[in-house]
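# Notes for the structure review
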Amino acid sequence: MASVDLLLRNVRIATCVDDECSVSASSFVAITAGRIAQIGAMRELDPKLHVGNELDAEGALLTPGLIDCHTHLVYAGDRWREFELRLQGASYEDIARAGGGIRSTVQHTRDADAATLFAQSERRLRSLMQHGVTTVEIKSGYGLSLEAELKCLQVARSLGARCPVNVRTTLLAAHALPSEFDGRADAYIDEIVQRIVPEAARAQLADAVDAFCDRIGFTAAQTRRVFEAARARGLPVKLHAEQLSNQHGAALAAEFGALSADHLEHVDEAGVIALARAGTVAVLLPGAYYFLRDTQPPPIELLRRHRVPMAVATDCNPGTSPTTHLQLMMNMACTLFRITPAEAWLGVTRHAATALGMAATHGTVEVGKHADLCLWDAEHPAEIACAIAASPLRVRLHHGVEHAV
Ligand code: NIG
Ligand code: FE
């Protein structure tokens, strides 16, 4: 190797390649053209190596950059009044049925112009990045019309172009029934299938297609039509599945080879087996579970037994998970769902990359992968999963470039 752009010295690396998240002895990482070019023990470092920049980490912990594989961070307005209502006893489903919930955010999001939406969303994105996120998935789903859904996806794409972070976009037009389609859910599905999916695909604004399959969302039959439209355009699918009830969405997602099935509090063993066979990632969202005071956690033991890869994400949204703290979600997944710190780490790195179809290039510290990395003042990865909201992040690297946190 002739020359490198950036040399990280004296790092202890948790590559997230092994399931235990083990930590290496003192090592170096050489980065060229935004990719990891070489990794080795400090004693193997060639003293004649021609180096552009150098960073002596003095024994700090190096991990893959964090990947938040499920967010709804492009929206306008807020929902704190609804939080107060729920504290007085109203349920999430009651509020949704009374026209609040997702629909109230839809109104604010439709009313906001792209610049306002960008500014409000960028604040949340910057906060995610401060917590170590180098890749984020952003869903639409608060527009619910062709024009407003495309506006949200365009804002998500601009966020990716203007901020040092990778953005993957997901079209979630089947998030809720917009009021102009009241009583005509199948007509709205026609609109999604005939116009919204084709237009989003044509404009290359969506990397995947998602739906909310539940009592207050769409039926499995309606979800199937959305998935067929996605497949016809060559777009991979994901699904909000079995969050509030078991609609057998996980099996449906698996049938379409979904990248991920998300939430899964009410999935049964048949659904878990289907996910395992399809290689679909189970995305755990402890923020929504906590905020809705749910009492049925996802069946972790079943997911483990059938070797379904588990990811952990923020679900950042105003109604059920108003958070941008992915590290805290690791802690909550351990505390509330009883996964191990190592599982939580794989959930925000390697398995999160798989949930976005990015496993070949992201999610681990390996030669050839993108140099999206985090440097922590921590002894061990478990220390970061153990901490409640403390953030020992020192440096975040996106594509080999250092960013202050
Ligand atoms: O992932 N479950 C549906 N969608 C979001 C909530 C959206 C909202 O309430 O605004 C979720 O939890
Ligand atoms: Fe969600």
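The shown structure was predicted, so the numbers you read here are calculated from the model rather than taken from an experiment. (Residues numbered from 1 in each chain as written. Chains lettered and ligands numbered in written order. Predicted model: local features only at pLDDT ≥ 70, side-chain atom pairs only at ≥ 80, totals over all residues. Heavy atoms only, no water.)

### Topic: the environment of Thr71
With respect to the element layout, Thr71 can be found in the loop between β6 (66-68) and α1 (80-87). Distance in space between the C-alpha atoms of Thr71 and Thr323 is 9.7 Å, their sequence separation being 252 residues. When sequence neighbours within four positions are dropped, the list of residues in contact with Thr71 reads Leu128, Val136, Glu137, Ile138, Lys139, Thr314, Asp315 and Cys316. Separated by 2.6 Å, the side chain of Thr71 and the backbone oxygen of Glu137 make a polar contact. (Helix = DSSP H or I, 4+ residues; strand = E, 2+ residues; numbered from the N terminus. Contact = heavy atoms within 4.5 Å. Polar contact = N/O pair within 3.5 Å; in protein donor to acceptor, adjacent residues only side chain to side chain.)

### Section: the packing of helix α4 (residues 114-130) against helix α5 (residues 146-162)
In the contact formed by α4 and α5, the axes pass within 10 Å of each other and the chain directions differ by 50 degrees. Considering the angle they form, α4 stands oblique to α5. Along this stretch, α4 crosses α5, giving a crossing that reads as right-handed. The residues of α5 that touch α4, namely those facing Ala114, Leu117, Phe118, Ser121, Glu122, Leu125 and Arg126, are Lys151, Cys152, Val155, Ser158, Leu159 and Arg162. (Axes fitted to C-alpha atoms, helices over the stretch in contact; angles between N-to-C directions. Parallel < 35°, antiparallel > 145°, perpendicular 65-115°, else oblique. Left-handed = near helix turned anticlockwise from the far one by under 90°.)

### Concerning the coordination of the iron ion (ligand 2)
For the iron ion (ligand 2), the full set of protein donor atoms is His70 (NE2), His72 (NE2), His240 (NE2) and Asp315 (OD), at a range of 2.1 to 2.3 Å. Here the donor residues of the iron ion (ligand 2) share one chain and are spaced in sequence as H-x1-H-x167-H-x74-D. In this pair, His70 sits in the loop between β6 and α1 while Asp315 sits in the loop between β13 (310-312) and α12 (326-337), placing the two residues 245 residues apart along the sequence. As far as the burial class goes, His70 and Asp315 line up, both buried. (Donors = N, O, S within 2.8 Å, 3.2 Å for Na, K, Ca; no water. Buried < 20%, exposed > 50% of the residue type's maximum accessible area, 1.4 Å probe, protein only.)

### Points about the domain arrangement of the chain
With domains assigned, the chain is organised as domain 1 (3-64 + 364-403) and domain 2 (66-355). A straight line from the C-alpha centre of domain 1 to that of domain 2 covers 31 Å. Each partner contributes residues to the interface: domain 1 has 29 residues there, and domain 2 has 22 residues. Across the domain 1 to domain 2 interface the summed buried area is about 1,900 Å²; carbon plus sulfur atoms make up 60%. Looking at the side of domain 1 facing domain 2, the largest losses of area belong to Ala385, Arg396 and His398, adding up to 27% of the total buried there. Run the count over domain 1 and domain 2 and you get one salt bridge. Put simply, Asp19 and Arg350 hold a salt bridge, and the shortest N to O gap is 2.7 Å. At the surface where domain 1 touches domain 2, the tally comes to twelve residue pairs in polar contact (both at pLDDT 80 or more). Only β5 (61-64), β14 (373-376), α15 (381-386) and β15 (393-398) provide two or more residues apiece to the side of domain 1 that touches domain 2. (Domains from an automatic or database assignment. Buried area = accessible area lost by both parts, 1.4 Å probe. Salt bridge = Lys/Arg side-chain N within 4 Å of Asp/Glu carboxyl O.)

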